[in-house]
Amino acid sequence: MSVLLLSHHACLAHDPGEGHPECPDRLRAVLRALEAEEFAGLIRDDAPRATQEQLLRVHPQNYIEAILGIRPAPGDRVALDGDTIMSHGSAEAALRAAGAAVVGVDAVCRGEVQRAFCATRPPGHHAEPGRPMGFCLFANAAIAARHAQAAHGVRRVAVVDFDVHHGNGTQACFEADADVFYASSHQFPCYPGTGAAHETGVGNILNVPLPPGADGAAFRTAWRDHLLPALDRFAPGLLVISAGFDAHARDPLAQLRVREADFAWLTTELCRVAERHCGGKVVSLLEGGYDLEALASSTAAHVRALMRA
Ligand SMILES: [Zn+2]
């Protein structure tokens, strides 16, 4: 399968500060892993900036202006909340992360490639339309889904999220919109506190909470028995993946015990869903993952599966 890898060096310049888990070294570790010989077949490109029009499909104008207006001097930082911190390069990084999601959709929907993977940061799935949260500034997965609808006429988009944290932001974007399906497995209870099974939107949200300590077998069962069948019933015209790797057993921010082989298995299953309903169109976006070694090997397993499935 032809797979497009999108990134940008500006995503390394978003620096929430010493000791912050969402650090530039995360992206360095991912990009280093994807330099291995087995990934020579990836098509590589720089992410453009998202445009105002693309951001406005999800975020109100005053929110966009507020985020882009925060440009601390080099070395300074502005804390938007206890976790979400902007440095000099953060606004530019956020524009590139959202822009990668958009051009990944363009490339896949035009048939230029079968799949796209966006190795970018800051992540996006906690950002609500009008509120930054949980290391996230713009809701990249939601921006991708809206772009597919507005620019490519894709009516039904599924956003699937296997980050260990619930994507409250993505859910908030779509909870009243039956044309977008949001499917998530996540540790519960855990940050951000949302994602209970009874949160079902207009029948378009499926949350499968997993207890702390749940292992790869429990993770696979959740997807095999609940999330994948629901995705098949929804029959998406495009699959957007919020690919966080912090459900890994080594991750310091949560207590699930998922492994590389489980991420690879799920990736392959998601590609099969896409093959059944939309010609295999998958756009995957990096979300969390805070153990650098586990993040690198898990992302490699994910991208390997995107290339093979
Ligand atoms: Zn996470």
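Conventions and cut-offs
- Residues numbered from 1 in each chain as written.
- Predicted model: local features only at pLDDT ≥ 70, side-chain atom pairs only at ≥ 80, totals over all residues.
- Heavy atoms only, no water.
- Helix = DSSP H or I, 4+ residues; strand = E, 2+ residues; numbered from the N terminus.
- Rg over C-alpha atoms; globule rule 2.2 N^0.38 Å.
- Buried < 20%, exposed > 50% of the residue type's maximum accessible area, 1.4 Å probe, protein only.
- Contact = heavy atoms within 4.5 Å.
- Areas by Shrake-Rupley, 256 points an atom, 1.4 Å probe, with all protein chains shown as cover.
- Lys, Arg positive; Asp, Glu negative; His and termini not counted.
- Charge placed at Lys NZ, Arg CZ, Asp CG, Glu CD.
- Donors = N, O, S within 2.8 Å, 3.2 Å for Na, K, Ca; no water.
- Tetrahedral: all angles 85-135°; square planar, octahedral: opposite > 155°, others 65-115°.
- Phe/Tyr/Trp six-rings, centres within 6.5 Å; stacked < 30°, edge-to-face > 60°.
- Arc of directions from axis to C-beta.
- Pairing = 2+ DSSP bridges.
- Salt bridge = Lys/Arg side-chain N within 4 Å of Asp/Glu carboxyl O.
- Core = buried A, V, L, I, M, F, W, Y, C linked by side-chain atoms within 4.5 Å.

Enquirer: Which parts of the structure should I look at to understand the overall build of the protein?
Expert: Scanning the protein from N- to C-terminus turns up 9 helices and 10 strands. Computed over C-alpha atoms, the radius of gyration of the protein comes to 17 Å, within 12% of the 19 Å expected from 2.2 N^0.38 for 309 residues, which places it in the range of a compact globule. Each principal axis of the C-alpha atoms in the protein carries an extent, and together these give about 50 × 45 × 40 Å. Taken across its 309 residues, the protein has 61% of its residues classed as buried. Partitioning the contacts of the protein with sequence separation of at least 6, the portion at a separation of at least 24 is 74%. Of the roughly 11000 Å² of accessible surface on the protein, 50% is carried by carbon and sulfur atoms. Side chains of the protein carry 27 positive and 36 negative charges; the gap between the two charge centres is 4 Å.

Enquirer: Is there a simple way to think about the coordination of the zinc ion in this case?
Expert: Six octahedral donors at a metal ideally form angles of 90 or 180 degrees, and four tetrahedral donors ideally form angles of 109.5 degrees. Each protein donor to the zinc ion is listed here as D163 (OD), D163 (OD), H165 (ND1) and D246 (OD); together their distances run 2.0 to 2.8 Å. Around the zinc ion, the 4 donor atoms sit at angles spanning 52 to 154°, and that spread fits a shape best called irregular.

Enquirer: Teacher, can you tell me more about the packing of aromatic side chains here?
Expert: The description of an aromatic ring pair uses the distance of the two centres, along with the angle that the planes make with each other. Scanning all chains against the criterion turns up 7 aromatic pairs. Judged by centre distance (6.1 Å) and plane angle (75°), the ring pair of F219 and F263 falls under edge-to-face. Here F219, found in helix α7 (residues 216-234), pairs with F263, found in helix α8 (residues 260-278); they are 44 residues apart in sequence, far enough to count as distant. Plain terms: the ring middles of F245 and F263 are 5.1 Å apart, the flat faces sit at 85° to each other, and that makes the pair edge-to-face. Here the residue F245 occupies a position in the loop between β9 (238-243) and α8, and F263 occupies one in helix α8, the gap between them amounting to 18 residues. Accessibility assignment for this pair places F245 and F263 in one class, buried.

Enquirer: Before we go on, may I ask you to explain helix α3 (residues 61-68) in this structure?
Expert: Within α3, the full set of buried residues consists of Y63, I64 and I67. Viewed along the axis of α3, the buried residues span an arc of 100°, placing them on a single side of the element. Residues of α3 that are buried in the fold lie against α2 (52-56), β4 (85-86) and α4 (90-109).

Enquirer: I would appreciate a short explanation of the pairing of strand β7 (residues 180-187) in the present structure.
Expert: Of all the 8 residues making up β7, 8 are buried; the element is thus mostly covered by neighbouring parts of the structure. Of the two faces of β7, both are covered, the one formed by V180, Y182, S184 and H186 as well as the one formed by F181, A183, S185 and Q187. With 5 bridges connecting them, strand β6 (residues 157-161) and β7 associate as parallel partners. Note on β7: the bridge partner recorded for A158 is F181.

Enquirer: Hey, could you run me through the pattern of salt bridges in this one?
Expert: Pairs may arise between side chains of opposite charge once their charged atoms sit close together. Summed over all chains, the structure comprises 19 salt bridges. One network of salt bridges, in which partners are shared, links E22, R26 and R121.

Enquirer: It is not clear to me how the nonpolar core should be interpreted in this structure. Could you clarify?
Expert: For soluble globular proteins, nonpolar side chains are generally found buried alongside one another. Residues F162, W223, L231 and L270 are the most contacted members of the largest nonpolar core, which totals 51 residues. Not counting residues within four places of it along the chain, the set of residues in contact with W223 comprises V160, D161, F162, A183, S185, L228, P229, W265, L266 and L270. One finds Y63, A148, V154 and C173 within the second-largest nonpolar core, a separate group that totals 48 residues.

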